[in-house]
Amino acid sequence: MTPDEQVKLLKLAWDTIGTEFAPRHLQYEISYNGATFAVHGNAYRTYEWKSGNDLLDGFLTGYEGPAP
């Protein structure tokens, strides 16, 4: 990744985990989804990687890079 892409990715990560929604969602996953290793394995196996990458690229283009 280029430095600009890294900055955009970090901004997206902060927007995702820097809100009050992230801890509540994590608590829900711990309490209701079952064993963590099974949930992670199932998610990894069934995830549509192409559409996920396209979605991530769309989010990252919405951020402005650092000033020159």
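Heads up: the structure comes first, above all this text.
Presented here is an overview of the structure given in this document. (Residues numbered from 1 in each chain as written. Predicted model: local features only at pLDDT ≥ 70, side-chain atom pairs only at ≥ 80, totals over all residues. Heavy atoms only, no water.)

1. Thoughts on a nonpolar patch on the surface
Thinking step 1. A cluster of nonpolar side chains, Y44, Y47 and W49, forms an exposed patch at the surface whose accessible area comes to about 390 Å².
Thinking step 2. Mapping W49 onto the fold places it in helix α4 (residues 49-61). (Patch = residues over 30% accessible without salt bridge, like charges linked within 9 Å, V, L, I, M, F, W, Y side chains within 5 Å. Areas by Shrake-Rupley, 256 points an atom, 1.4 Å probe, with all protein chains shown as cover. Salt bridge = Lys/Arg side-chain N within 4 Å of Asp/Glu carboxyl O. Helix = DSSP H or I, 4+ residues; strand = E, 2+ residues; numbered from the N terminus.)

2. Details of the packing of aromatic side chains
Thinking step 1. A full pass over the atoms with the stated rule returns 2 aromatic pairs.
Thinking step 2. Ring centres of Y44 and W49 lie 5.3 Å apart, and the angle between their planes is 65 degrees; on these two criteria the pair is classed as edge-to-face.
Thinking step 3. Of the residues examined, Y44 reaches a relative accessible area of 59% and is grouped as exposed.
Thinking step 4. Among the residues examined, W49 registers a relative accessible area of 44% and is labelled partly exposed.
Thinking step 5. Measuring from centroid to centroid gives 4.9 Å for Y47 and W49, while their planes differ by 70 degrees, and the two rings are edge-to-face.
Thinking step 6. Relative accessible area serves as the criterion here: at 43%, Y47 is assigned to the partly exposed category.
Thinking step 7. Among the aromatic residues, ring-to-ring pairing joins Y44, Y47 and W49 into one connected group. (Phe/Tyr/Trp six-rings, centres within 6.5 Å; stacked < 30°, edge-to-face > 60°. Buried < 20%, exposed > 50% of the residue type's maximum accessible area, 1.4 Å probe, protein only.)

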